[in-house]
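Structure at a glance
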Amino acid sequence: MINNIGIGLDIENIGRFTKLDLKKNRNFFDRIYTQKEKEYSLSKPNHPSHFAARFAAKEAVKKTIRDNVAFNEIEITNDKNGAPKVKFLNKRMEKKYKSIISISHTKSIVQAVCITFKK
């Protein structure tokens, strides 16, 4: 983070998430995703791309801050128009940072870019 602004980018291969079984990889999913994110992603026909998008978004967010924050303390949701947004579940992080996220994907790759401002 330079001058109270951080920029992060992450790219993920959706194929990695196609091979993951929620039941067999429960520890991974619980460590990375919130219950809300799991429910949202699983409600979609192409749920691996939604899991990959949220993973990329969280990686991008983590690259913008110097503090250590767990993946499942960062929640990626959508506003009423479908635009992704970042919510820090850790109150200290919520008070300290404001993040803006953009996610884009093709059939095989997802990319997320995040800008974080220190409040």
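Above this text is the structure in question.
Residues numbered from 1 in each chain as written. Predicted model: local features only at pLDDT ≥ 70, side-chain atom pairs only at ≥ 80, totals over all residues. Heavy atoms only, no water.

With that out of the way, let us pick up the packing of aromatic side chains. Here the structure, examined in full by the defined rule, presents nine aromatic pairs. Aromatic side chains phenylalanine 28 and tyrosine 33 sit 6.4 Å apart centroid to centroid with 80° between the ring planes, which places their arrangement in the edge-to-face category. A residue is classified by how much of its surface remains accessible, and tyrosine 33, at 1% relative accessible area, is buried. Each ring, one from phenylalanine 88 and one from tyrosine 97, has its centre 6.3 Å from the other, and the planes form 45°; the classification is tilted. Classification of phenylalanine 88 as buried rests on a relative accessible area of 3%. Cluster of aromatic residues (ring-pair linked, three or more members): Phe17, Phe28, Phe29, Tyr33, Phe51, Phe55 and Phe71. Over the aromatic face of phenylalanine 71 sits the side chain of lysine 62, whose NZ or CZ is 4.8 Å from the ring centroid. (Phe/Tyr/Trp six-rings, centres within 6.5 Å; stacked < 30°, edge-to-face > 60°. Buried < 20%, exposed > 50% of the residue type's maximum accessible area, 1.4 Å probe, protein only. Lys NZ or Arg CZ within 6 Å of the ring centre and 35° of its normal.)

Moving on to helix α3 (residues 35–42). Taken together, the buried positions of α3 are occupied by Glu37, Lys38 and Ser41. Buried residues of α3 fall within an arc of 100° about the axis and therefore sit on the same side. (Helix = DSSP H or I, 4+ residues; strand = E, 2+ residues; numbered from the N terminus. Arc of directions from axis to C-beta.)

Looking now at the nonpolar core. If you look at the biggest cluster of nonpolar residues, it comprises 27 residues, and the most contacted ones within it are Tyr33, Phe88 and Ile101. Every residue in contact with isoleucine 101, bar those within four places of it in the chain, is listed here: Ala57, Ala60, Val61, Pro84, Lys85, Val86, Ala112, Val113 and Cys114. (Core = buried A, V, L, I, M, F, W, Y, C linked by side-chain atoms within 4.5 Å. Contact = heavy atoms within 4.5 Å.)

On to a positive patch on the surface, then. Where like charges cluster on the molecular surface, the positive patch consists of Lys36, Lys85, Lys87, Lys91, Lys95, Lys98 and Lys119. Taken together, the elements giving at least two residues each to the positive patch come down to β3 (84–88) and α5 (91–96). Lysine 119 sits in the exposed class, given a relative accessible area of 59%. (Patch = residues over 30% accessible without salt bridge, like charges linked within 9 Å, V, L, I, M, F, W, Y side chains within 5 Å. Areas by Shrake-Rupley, 256 points an atom, 1.4 Å probe, with all protein chains shown as cover. Salt bridge = Lys/Arg side-chain N within 4 Å of Asp/Glu carboxyl O. Lys, Arg positive; Asp, Glu negative; His and termini not counted. Charge placed at Lys NZ, Arg CZ, Asp CG, Glu CD.)

This next bit is on the environment of lysine 96. As for its placement among the helices and strands, lysine 96 is situated in helix α5. Considered as a pair, lysine 96 and asparagine 72 are 24 residues apart in the sequence and their alpha carbons are 17 Å apart. Lysine 96 has contacts with Asp67, Phe117, Lys118 and Lys119, leaving out every residue within four places of it along the chain.

Across its 16 residues, helix α4 (residues 47–62) extends 23 Å between first and last C-alpha, which sits within 8% of the 22 Å expected from 1.5 Å per residue. By the criterion of burial, α4 is predominantly enclosed, with 13 of the 16 residues buried. (Expected span 1.5 Å × (residues − 1).)

We now examine the sheet that holds strand β4 (residues 97–105). Read across the open sheet, the three strands follow the order β1-β5-β4; overall the sheet is antiparallel. The open sheet terminates on both sides in strands that have one partner only, identified here as β1 (5–13) and β4. Shown here is a sheet whose adjacent strand axes are inclined to one another by a mean of 15°, direction ignored. Where β4 meets strand β5 (residues 109–118), nine bridges bridge the pair, whose relative direction is antiparallel. Looking at β5, one finds that serine 99 is bridged to threonine 116. (Pairing = 2+ DSSP bridges. Axes fitted to C-alpha atoms, helices over the stretch in contact; angles between N-to-C directions.)

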